[in-house]
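One-letter residues, chain by chain:
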Amino acid sequence: MEKHLNLTLHVWRQKNAQAEGAFAEYPARHISTEMSFLEMLDVVNEELIRKGEDPIAFDHDCREGICGTCGCVVKGRPHGPKERTTSCQLHMRSFEDGDHITIEPWRAEAFPVIKDLIVDRGAFDRIIAAGGFITAPTGTPQDANALPVPKQNADLAMDAAACIGCGACVAACPNASAMLFVSAKVSQLGLLPQGQPERYTRVRDMVARMDAEGFGSCTNHGECEAVCPKGITMENIARMNRDFIKASLLYRPEVAAGGAG
Amino acid sequence: MELNSRIPEGPIEKKWDKHRFDMKLVNPSNRRKYKVIVVGSGLAGAAAAASLGELGYEVSCFCYQDSPRRAHSIAAQGGINAAKNYRNDGDSIFRLFYDTVKGGDFRAREANVYRLAQVSVDIIDQCVAQGVPFAREYGGLLDNRSFGGAQVSRTFYARGQTGQQLLLGAYQALQRQVGLGQVKMFPRHEMQELIVVDGVARGIVTRDMVTGRIETHVADAVCLATGGYGNTMYLATYAKGCNGTAIWRAYKKGAAFGNPCYTQIHPTCIPVTGDHQSKLTLMSESLRNDGRIWVPKKKEDCGKPAAQIPEEDRDYYLERKYPSFGNLAPRDISSRAAKQVCDEGRGVGGTGLGVYLDFSDAIRRLGAKKIEEKYGNLFEMYERITDENPYEVPMRIFPATHYTMGGLWVDYNLMSTIPGLFVLGEANFSDHGANRLGASALMQGLADGYFVAPYTVANYLASTKPGSRLPIDHPAAKEAEAVAAQKVGRLLGVGGKETPTHFHRELGKVMWEFCGMGRNEAGLKKALGLIPQIREEFWRNVRIPGSGEELNQSLELAGRVADFLEIGELMCLDALERRESCGGHFREEWQTPDGEALRDDENFAHVAAWEYQGEGSTPVRHIEPLKFEYVHLATRSYK
Ligand SMILES: Cc1cc2nc3c(=O)[nH]c(=O)nc-3n(C[C@H](O)[C@H](O)[C@H](O)COP(=O)(O)OP(=O)(O)OC[C@H]3O[C@@H](n4cnc5c(N)ncnc54)[C@H](O)[C@@H]3O)c2cc1C
Ligand code: FES
């Protein structure tokens, strides 16, 4: 049943990357429990705009939990109190009348704040660019069914591939480690036959980039798995660690190719 | 304006191969001297940017999100078609071609559709090679399902996240090129203007959404792959940022707009709950494979819980009206049927704008476990949004705006009426005619990006001199920058009282009411009176706090709404002028006695392409006649 709530928000406001940020308090009145969390922020923002105040900047796009754009720390938990739910899919029925809700951006050195709740997650793109792919230029590869993939592997690969790259795992980790994100991609591609040729260079290159971006190391807290809206498991981290050790053993500096001819 | 579709000669199954051979190539050592701009990083844009980068061209790619991986293609759930005939159920390239032409209600160009069906086969191979984890069977081979009313199983899927997986495949290929320095990626950059010199596209102007900087980018060719403009309707299944800005600004520079009124209203979306609603969520059409759609026969029953309505008092209206397709009737037909029963007062849910999608039979037949395996994530999503458990009570669904078949007019090479400006994916007026079949948009986006544009753009580049790019401070570039800056200044300067969203919502109401599932002359004329009023009010009374030199989401939205307020008008005008019903365009004056769409092939078997005539003047409607040599014009029947 639809109910209406009166809430108090404590929102992190920060004009830009250079500015100091601080919490500001806003009332959110007569909020329908049918609304999504972001729709609640819309309502607050509409009011701010009408008053000529700067609305709260927050990232969002699909609003159906798949693009990975949204994300803020709600009541101390990335994406808010509901398990396996992104901020955009969180509904106000998860809150009580009179609640005080703190809303903050992801906090991690590798994710600098751009404005208010918006952070720069470009580091994730750079990690993928370093090796999170299978080299298969557009052309005419062999028939798709020429390479059967055991269903179990395909399913496990899909489990890992479900990652939406939102960054909640980093925000939740006391070390701001990106291991869950990186390992999901390493796992997905490493589980598939197509991914074998680059399996060990991939993990090495991605991990090197991850370290260079300033993410912390994994000390097995498990907070990442707990907050992941897509249920990516730490099993992926185990798989990645295994591949990483093997990659280190296999490592040979590259020899220049080519020659006379 | 000349509309030359440049369809190659020869039998349909040979056209593309012959054309590929006839097109000019660019010498590998010359490729790095050419630069291509790709606006958009969805399936069409990411695939094109990655493929052009691989070929050795210098590419700049732009998107408005913080990462190319977030383009709206990511939200596609159901699947992607390909004429692989892996099921041995009678599929073929010709059948996919046939189904698409017929499904589009004979308003698409045959030659383009045939090519689409042809390359569909390569798309799956390409995606598998990239590591896209498509669903597989126990034997390890790819699984298929039947989708959106097709009578063969040709849809490939990755759980309920096909778009996500295809996009991530393309994104990874793109990032590989970024890593190699072939592609430069500009996230959080919104295209504002197209730079045209002597009638040729030479670059774009963008706004850096973090710093507010207005910048010029020049290139030898520009590809727009900016997606659909369905957010003109305000409530839609699109991501919030989807916009028509890039194609609209190109239209104003001379690119013809094809069939703006062709919009697809998807039958299975979660109904609206209230005024706060910011978007609508699609429930994958695959649900119609096992769910049965019904409403109560009697109005009085509408308020009762579904379980209390006995079988004999339920109207399974799709099964009743279309016995051979039943719940799988095409989207336009299913949507209209839902509207009809709701108009009769038989809709369910608080607003009366909803119909049931009921899984109880399927659960009885197959068991809840099997249903969970097939649709678990969708059921979960439904419950998260509505707080109702679809294993226990039927889902409630209602149609919502979902796709735009219209878009910039392109020839066979995907080039617009502005030489050097290519348009890919949903942004072009495309291969879907007046109605798109399920699982065909992903196919088209990837076909355009991976397999068509790399050839046709190269052919165009080969006709230009390498190194003849516009200097960045060319007067035309400066002028385009000034126009973009002025627009920002004008928006900020209004200083009114209402939010950009307010005007967007107002526009949406008018569009949905008069240019939605049912359209008629009086309504469209009314809308054509109302939209300019909303637009005027917008420019008088919109309020945008902050400045243009910072991240300013109200400003971004206002810019898009300003364009929607113009696009909406062209959609209504096109709908008014198309005096027939076809596909998603249902003109109430043209229907059979039992309410089916009535086409007028004699007068309307053509594409309408609109040419901009300057502010305040009515655009000119050009036509491209359509010939049907392989799929003969026939009334579409799904009875
Ligand atoms: C919920 C949903 C489910 C769907 N399911 C299916 C399905 O199962 N099967 C199917 O075939 N189709 C489906 N579709 C349709 C399909 O997803 C889209 O038509 C298709 O993905 C569009 O791809 P695109 O590359 O053309 O554009 P998009 O993916 O929309 O990408 C547009 C790109 O352009 C950029 N952009 C836009 N404007 C600007 C600007 N002004 N400046 C700079 N960049 C800009 C964006 O940042 C983005 O990168 C679905 C659609 C929706 C909404
Ligand atoms: S807005 Fe796309 S996941 Fe939340």
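In case you missed it, the structure is sitting above this.
The following refers to the structure shown.

Procedures and definitions
- Residues numbered from 1 in each chain as written.
- Chains lettered and ligands numbered in written order.
- Predicted model: local features only at pLDDT ≥ 70, side-chain atom pairs only at ≥ 80, totals over all residues.
- Heavy atoms only, no water.
- Near = heavy atom within 4 Å.
- Polar contact = N/O pair within 3.5 Å; in protein donor to acceptor, adjacent residues only side chain to side chain.
- Areas by Shrake-Rupley, 256 points an atom, 1.4 Å probe, with all protein chains shown as cover.
- Helix = DSSP H or I, 4+ residues; strand = E, 2+ residues; numbered from the N terminus.
- Nonpolar A, V, L, I, M, F, W, Y, C, P; charged D, E, K, R; others polar.
- Salt bridge = Lys/Arg side-chain N within 4 Å of Asp/Glu carboxyl O.
- Buried < 20%, exposed > 50% of the residue type's maximum accessible area, 1.4 Å probe, protein only.
- Contact = heavy atoms within 4.5 Å.
- Pairing = 2+ DSSP bridges.
- Disulfide = S-S within 2.5 Å.
- Buried area = accessible area lost by both parts, 1.4 Å probe.

1. Concerning the site of ligand 1
Residues and elements named next belong to chain B.
So, point 1. Around ligand 1 sit 36 residues, and of these Q65, H72, S73, M191 and E426 come closest.
So, point 2. At a separation of 2.8 Å, an oxygen atom of ligand 1 approaches a polar backbone atom of G78.
So, point 3. Within the backbone of G79, one N or O atom sits 2.9 Å away from a nitrogen atom of ligand 1.
So, point 4. Protein contact buries 99% of the 1000 Å² of open area that ligand 1 shows by itself.
So, point 5. Those elements that provide at least two residues to the shell around ligand 1 are α3 (43-55), β6 (189-197), β15 (395-404) and α12 (441-462).
So, point 6. A total of three residues in the shell around ligand 1 trace back to one element, the largest contributor, which is β6.
So, point 7. Residues belonging to the shell around ligand 1 are distributed by class as follows: 16 nonpolar, 17 polar and three charged.

2. Overview of the pattern of salt bridges
Opposite charge on two side chains makes pairing possible when the charged atoms of those side chains draw close.
Residue and element names in this part refer to chain B.
So, point 1. The tally for this structure, following the rule as stated, stands at 71 salt bridges over all chains.
So, point 2. Among the salt bridges present, the one from R107 reaches E580, with a minimum N-O distance of 2.9 Å. In this pair, R107 is assigned in the loop between α4 (93-103) and α5 (110-130) and E580 in the loop between α16 (553-577) and α17 (601-604), connecting sequence segments 473 residues apart. As far as burial versus exposure is concerned, R107 and E580 are alike and both buried.

3. Comments concerning the environment of C63 of chain B
All names here are of chain B.
So, point 1. Here C63 is to be found in the loop between β2 (58-62) and β3 (80-81).
So, point 2. We classify C63 as buried; its relative accessible area is 5%.
So, point 3. Sequence separation of C63 and A225 is 162 residues, and the distance between their C-alpha atoms is 9.7 Å.
So, point 4. Every residue in contact with C63, bar those within four places of it in the chain, is listed here: S41, P68, M185, F186, P187, R188 and H189.

4. Things to note about the pairing of strand β12 (residues 292-296) of chain B
Residue and element names in this part refer to chain B.
So, point 1. Burial analysis of β12 places four of its five residues in the buried class, which makes it a mostly covered element.
So, point 2. Direction of pairing for β12 relative to strand β14 (residues 355-358): antiparallel, over a ladder of three bridges. Note on β14: the bridge partner recorded for I293 is L357.
So, point 3. Across two bridges, β12 lies against strand β13 (residues 314-315) in antiparallel orientation.

5. Quick notes on the state of the cysteines
So, point 1. Tallied over the entire structure, the rule returns zero disulfides over all chains.
So, point 2. Free of any disulfide, C224 of chain A has its nearest cysteine sulfur in C218 of chain A, 6.4 Å distant.

6. Some remarks on the interface of chain B and chain A
So, point 1. Contacts between the two partners involve 76 residues from chain B, matched on the other side by 76 residues from chain A.
So, point 2. A buried area of about 6300 Å², summed over both sides, lies between chain B and chain A, and 49% of it is on carbon and sulfur atoms.
So, point 3. At the junction of chain B and chain A, the tally comes to nine salt bridges.
So, point 4. The shortest N-O distance in the salt bridge between D59 of chain A and R188 of chain B comes to 2.9 Å.
So, point 5. Between the two partners, chain B and chain A, sit 50 residue pairs in polar contact (both at pLDDT 80 or more).
So, point 6. Contributing elements (two or more residues each) for the side of chain B that touches chain A: α3, α5, α6 (162-180), α11 (368-386), α12, α14 (500-515) and α16 of chain B.
So, point 7. Tallying contributions element by element places α6 of chain B first for the side of chain B that touches chain A, with eight residues.
So, point 8. The residue makeup of the side of chain B that touches chain A, split by class, is 27 nonpolar, 28 polar and 21 charged.

Just distances and angles here, no functional claims.
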